[in-house]
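The residues making up each chain are set out below.
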Amino acid sequence: MIPNSSCRFLSNGYRFELKEQNYITISPCCRWQGPMSWLGQSQAEIKKWRDQFSQSNSYLLESCRGCNQLNSEMRDSSYKSISELEEFGNSSFLEIQLTRTCNAACIICGPNFSTLWQQELRKQNTIPIINTDSTNTVQEILSLIDLEQVRTINFLGGETFLTEEDTQILSQLGNPELVKVKYATNGSIYPSSKRMDLWKRLKR
(Lines give C-alpha, C1' and ligand atoms only; values in the text may rest on other atoms or scores of the structure.)
Protein backbone atom coordinates (compact mmCIF):
# COMPACT_ATOMS: atom_id res chain seq x y z
CA MET A 1 0.00 0.00 0.00
CA ILE A 2 1.35 3.48 -0.90
CA PRO A 3 1.69 6.31 1.66
CA ASN A 4 -1.20 8.69 2.31
CA SER A 5 -1.74 10.73 -0.87
CA SER A 6 -2.92 13.91 0.91
CA CYS A 7 -0.09 14.07 3.50
CA ARG A 8 2.55 11.42 3.95
CA PHE A 9 3.18 12.36 7.56
CA LEU A 10 -0.21 10.82 8.38
CA SER A 11 0.90 7.40 7.20
CA ASN A 12 4.68 7.54 7.71
CA GLY A 13 5.53 10.28 10.21
CA TYR A 14 6.38 9.85 13.90
CA ARG A 15 7.00 12.78 16.22
CA PHE A 16 8.12 12.05 19.81
CA GLU A 17 7.82 15.09 22.08
CA LEU A 18 8.53 15.61 25.78
CA LYS A 19 5.60 17.48 27.35
CA GLU A 20 5.58 19.74 30.43
CA GLN A 21 4.12 16.93 32.54
CA ASN A 22 7.18 14.79 31.67
CA TYR A 23 5.54 12.24 29.43
CA ILE A 24 6.34 11.74 25.76
CA THR A 25 3.58 12.02 23.19
CA ILE A 26 3.52 10.47 19.73
CA SER A 27 1.95 12.29 16.79
CA PRO A 28 2.41 12.27 13.00
CA CYS A 29 3.91 15.79 12.83
CA CYS A 30 4.43 19.07 14.69
CA ARG A 31 1.18 20.60 13.38
CA TRP A 32 -1.09 17.75 14.48
CA GLN A 33 -3.99 19.00 16.63
CA GLY A 34 -5.79 15.72 17.17
CA PRO A 35 -5.62 12.92 19.73
CA MET A 36 -2.15 11.63 20.45
CA SER A 37 -0.63 8.44 21.66
CA TRP A 38 2.19 8.26 24.20
CA LEU A 39 5.14 6.17 25.22
CA GLY A 40 4.07 3.45 27.57
CA GLN A 41 1.25 2.22 25.39
CA SER A 42 1.63 -1.13 23.68
CA GLN A 43 2.47 -1.49 20.00
CA ALA A 44 -1.06 -2.75 19.39
CA GLU A 45 -2.58 0.34 21.05
CA ILE A 46 -0.35 2.68 19.07
CA LYS A 47 -1.18 0.91 15.81
CA LYS A 48 -4.90 1.18 16.58
CA TRP A 49 -4.47 4.89 17.26
CA ARG A 50 -2.63 5.46 13.97
CA ASP A 51 -5.11 3.41 11.96
CA GLN A 52 -7.81 5.95 12.87
CA PHE A 53 -6.30 8.65 10.64
CA SER A 54 -3.52 7.11 8.53
CA GLN A 55 -5.71 6.88 5.43
CA SER A 56 -7.70 10.08 6.02
CA ASN A 57 -7.80 13.05 3.67
CA SER A 58 -5.77 15.68 5.52
CA TYR A 59 -7.65 18.51 3.75
CA LEU A 60 -10.84 17.35 5.45
CA LEU A 61 -9.39 16.18 8.77
CA GLU A 62 -10.14 18.42 11.75
CA SER A 63 -6.86 17.38 13.36
CA CYS A 64 -5.01 18.91 10.39
CA ARG A 65 -6.64 22.34 10.76
CA GLY A 66 -3.24 23.88 11.59
CA CYS A 67 -2.10 23.29 8.00
CA ASN A 68 -5.52 23.87 6.45
CA GLN A 69 -6.00 27.29 8.06
CA LEU A 70 -2.50 28.55 7.37
CA ASN A 71 -2.12 27.15 3.85
CA SER A 72 1.09 25.74 5.28
CA GLU A 73 4.07 24.37 3.38
CA MET A 74 4.28 21.66 6.04
CA ARG A 75 2.08 19.27 4.09
CA ASP A 76 4.09 19.90 0.90
CA SER A 77 7.29 19.02 2.75
CA SER A 78 5.88 15.56 3.48
CA TYR A 79 6.26 14.68 -0.20
CA LYS A 80 9.91 15.72 -0.12
CA SER A 81 10.63 13.86 3.12
CA ILE A 82 8.75 10.64 2.35
CA SER A 83 9.04 8.94 -1.02
CA GLU A 84 6.02 7.47 -2.76
CA LEU A 85 8.07 4.26 -2.91
CA GLU A 86 7.90 3.89 0.87
CA GLU A 87 5.44 1.34 2.21
CA PHE A 88 2.33 2.60 3.99
CA GLY A 89 3.01 2.61 7.74
CA ASN A 90 6.79 2.58 7.55
CA SER A 91 8.53 4.79 10.12
CA SER A 92 10.08 6.85 7.32
CA PHE A 93 10.16 10.25 9.07
CA LEU A 94 11.09 10.83 12.72
CA GLU A 95 11.08 13.98 14.85
CA ILE A 96 12.57 13.44 18.28
CA GLN A 97 12.54 15.81 21.26
CA LEU A 98 13.31 13.92 24.46
CA THR A 99 15.16 16.46 26.59
CA ARG A 100 15.05 20.03 27.88
CA THR A 101 18.75 20.12 28.71
CA CYS A 102 20.10 23.37 27.31
CA ASN A 103 22.87 25.87 28.06
CA ALA A 104 21.02 28.87 26.58
CA ALA A 105 17.82 30.82 27.11
CA CYS A 106 17.13 32.05 23.59
CA ILE A 107 14.35 34.62 23.27
CA ILE A 108 12.51 32.50 20.69
CA CYS A 109 12.41 29.53 23.09
CA GLY A 110 10.90 28.89 26.53
CA PRO A 111 11.08 26.82 29.73
CA ASN A 112 9.62 23.64 28.24
CA PHE A 113 12.60 23.40 25.88
CA SER A 114 15.43 24.82 27.98
CA THR A 115 16.69 24.08 31.48
CA LEU A 116 18.51 27.44 31.53
CA TRP A 117 15.21 29.19 30.78
CA GLN A 118 13.76 27.39 33.80
CA GLN A 119 16.67 28.43 36.04
CA GLU A 120 16.37 32.09 35.03
CA LEU A 121 12.60 32.18 35.56
CA ARG A 122 12.89 30.47 38.95
CA LYS A 123 15.03 33.39 40.12
CA GLN A 124 11.99 35.59 39.53
CA ASN A 125 9.64 33.02 41.11
CA THR A 126 7.55 33.17 37.95
CA ILE A 127 7.22 29.45 37.21
CA PRO A 128 7.06 26.30 39.31
CA ILE A 129 10.07 24.02 39.13
CA ILE A 130 9.63 21.56 36.28
CA ASN A 131 11.01 18.11 36.93
CA THR A 132 13.75 17.57 34.34
CA ASP A 133 15.14 14.26 35.56
CA SER A 134 16.29 12.51 32.42
CA THR A 135 14.80 9.15 31.56
CA ASN A 136 16.32 6.96 28.89
CA THR A 137 13.42 6.52 26.53
CA VAL A 138 15.45 5.80 23.40
CA GLN A 139 15.16 2.03 23.66
CA GLU A 140 11.42 2.30 24.22
CA ILE A 141 11.11 4.35 21.04
CA LEU A 142 13.28 1.94 19.09
CA SER A 143 11.04 -0.92 20.16
CA LEU A 144 8.14 0.80 18.35
CA ILE A 145 9.81 1.59 15.03
CA ASP A 146 11.87 -0.25 12.44
CA LEU A 147 15.16 1.61 12.00
CA GLU A 148 15.72 0.00 8.62
CA GLN A 149 12.73 1.98 7.32
CA VAL A 150 13.90 5.38 8.58
CA ARG A 151 14.94 7.91 5.93
CA THR A 152 14.79 11.29 7.75
CA ILE A 153 15.37 12.21 11.40
CA ASN A 154 15.01 15.67 12.95
CA PHE A 155 16.63 15.89 16.39
CA LEU A 156 15.13 18.67 18.55
CA GLY A 157 16.09 19.95 21.97
CA GLY A 158 17.07 21.35 24.38
CA GLU A 159 20.56 21.63 23.01
CA THR A 160 20.95 18.46 20.99
CA PHE A 161 24.75 18.25 21.33
CA LEU A 162 24.60 18.20 25.15
CA THR A 163 22.92 14.78 25.28
CA GLU A 164 23.42 11.42 23.57
CA GLU A 165 19.94 10.49 22.34
CA ASP A 166 21.03 11.08 18.76
CA THR A 167 24.16 8.94 18.94
CA GLN A 168 22.20 6.10 20.54
CA ILE A 169 19.78 6.13 17.62
CA LEU A 170 22.28 6.77 14.82
CA SER A 171 24.50 3.91 15.98
CA GLN A 172 21.61 1.48 15.47
CA LEU A 173 20.38 2.60 12.05
CA GLY A 174 19.81 -0.25 9.62
CA ASN A 175 20.65 1.72 6.45
CA PRO A 176 22.56 4.87 7.49
CA GLU A 177 23.61 5.59 3.90
CA LEU A 178 19.92 6.26 3.11
CA VAL A 179 19.25 8.57 6.06
CA LYS A 180 19.22 12.38 6.22
CA VAL A 181 19.55 14.01 9.65
CA LYS A 182 18.80 17.53 10.91
CA TYR A 183 19.54 19.11 14.30
CA ALA A 184 18.19 22.04 16.25
CA THR A 185 21.27 23.56 17.92
CA ASN A 186 22.42 26.94 19.19
CA GLY A 187 25.90 26.27 17.80
CA SER A 188 27.69 26.57 21.14
CA ILE A 189 28.80 22.92 21.44
CA TYR A 190 31.35 21.45 19.07
CA PRO A 191 30.22 17.99 17.87
CA SER A 192 32.07 15.11 19.48
CA SER A 193 34.29 12.82 17.41
CA LYS A 194 31.84 9.98 18.10
CA ARG A 195 29.00 12.04 16.65
CA MET A 196 31.01 13.08 13.60
CA ASP A 197 32.06 9.48 12.94
CA LEU A 198 28.40 8.48 12.90
CA TRP A 199 27.62 11.35 10.53
CA LYS A 200 30.13 10.03 8.02
CA ARG A 201 27.89 7.01 7.47
CA LEU A 202 24.82 9.10 6.64
CA LYS A 203 23.41 10.22 3.31
CA ARG A 204 23.31 13.84 4.48
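Draft legend 1. Structural context of the overall build of the protein chain. Counting secondary structure elements, the protein chain contains eight helices and six strands. The order of α-helices and β-strands along the protein chain, N terminus first, is α-β-β-β-α-α-α-β-α-α-β-α-β-α. A compact globule built from 204 residues would reach a C-alpha radius of gyration of about 17 Å, and the protein chain, at 17 Å, matches this within 12%. Overall, the protein chain is about 50 × 40 × 35 Å in size when its C-alpha atoms are taken along their principal axes. Burial analysis of the protein chain (204 residues in total) assigns 47% to the buried set. Across the protein chain, the fraction of contacts at a sequence separation of at least 24, relative to all contacts at a separation of at least 6, is 67%. The distance from the centre of the 22 positive side-chain charges to the centre of the 22 negative ones in the protein chain is 3 Å.

Draft legend 2. Highlighting the pattern of salt bridges. In this structure the tally under the stated criterion is ten salt bridges. Salt-bridge contacts for Glu120 lead to Lys123; the nearest nitrogen and oxygen are separated by 3.2 Å. Taken together, the positions of Glu120 and Lys123, both in helix α5 (residues 115–123) and three residues apart, correspond to about one turn of that helix. The class of Glu120 is partly exposed, set by a relative accessible area of 35%. Classification of Lys123 as exposed rests on a relative accessible area of 59%. What emerges from the salt-bridge pattern is a single network uniting Arg15, Glu17, Lys19 and Glu95.

Draft legend 3. Inspection of the pairing of strand β5 (residues 152–155) at higher detail. Residues of β5 alternate between two faces, with Thr152 and Asn154 on one and Ile153 and Phe155 on the opposite face, all of them buried. Direction of pairing for strand β4 (residues 93–97) relative to β5: parallel, over a ladder of four bridges. Residue pairing for β5: Ile96 is matched across the bridge by Phe155. Bridging between β5 and strand β6 (residues 180–183) involves four bridges; their strand directions are parallel. Looking at β6, one finds that Ile153 is bridged to Val181. Crossover connection from β5 via helix α7 (residues 165–170) to parallel β6: handedness right-handed.

Draft legend 4. Seen up close, a nonpolar patch on the surface. On the surface, Tyr59, Leu60 and Tyr79 cluster together to form a nonpolar patch covering roughly 350 Å² of accessible area. In this fold, Tyr79 is placed in helix α4 (residues 74–81).

Draft legend 5. Here's a closer look at α4. Where α4 is concerned, the buried positions are Met74, Arg75, Ser78 and Ser81. Down the axis of α4, the smallest arc covering the buried residues is 110 degrees, so these residues share one side. As for α4, its buried residues are in contact with α1 (8–12), α3 (65–70), β4 and β5.

Conventions and cut-offs
- Per chain, the residues get numbers from 1 upward, laid out in the order the sequence is written.
- Per-residue local features of the predicted model are confined to residues with pLDDT of at least 70, and side-chain atom pairs are confined, for both listing and counting, to 80 or more; whole-chain, interface and lining totals are unaffected and use all residues.
- Based on all heavy atoms of the structure, the side-chain values leave hydrogens and waters out of the count.
- Helix and strand definitions follow DSSP, with helices as H or I runs of at least four residues and strands as E runs of at least two, each counted in order from the N terminus.
- Radius of gyration: C-alpha atoms only; globule rule: 2.2 Å multiplied by the number of residues to the exponent 0.38.
- Think of it in three bands: residues with accessible area under 20% of the maximum for their type are buried, residues over 50% are exposed, and the middle band is partly exposed, with areas taken using a 1.4 Å probe on protein chains only.
- In what follows, residue pairs with any heavy atoms lying within 4.5 Å of each other are defined as contacts.
- Positive charges are assigned to Lys and Arg, negative charges to Asp and Glu, while His and the chain termini are left out of the count.
- Charge placement uses NZ in Lys and CZ in Arg. For Asp and Glu, CG and CD serve respectively.
- Salt bridge, as used here: a side-chain nitrogen of Lys or Arg that lies within 4 Å of a carboxyl oxygen of Asp or Glu.
- A pair of strands is treated as paired once DSSP finds two or more bridges between them.
- Convention used here: a crossover is right-handed provided that the path from the first strand, over the helix, to the second strand proceeds clockwise when the strands point away from the viewer.
- By definition, no residue in a patch forms a salt bridge, and every one has over 30% relative accessible area; like charges are joined within 9 Å, nonpolar side chains (Val, Leu, Ile, Met, Phe, Trp, Tyr) within 5 Å.
- Throughout, the Shrake-Rupley method with a 1.4 Å probe supplies accessible areas, and for residues the shown protein chains are the sole cover considered.
- What the arc describes is the spread of directions from the helix axis to the C-beta atoms.

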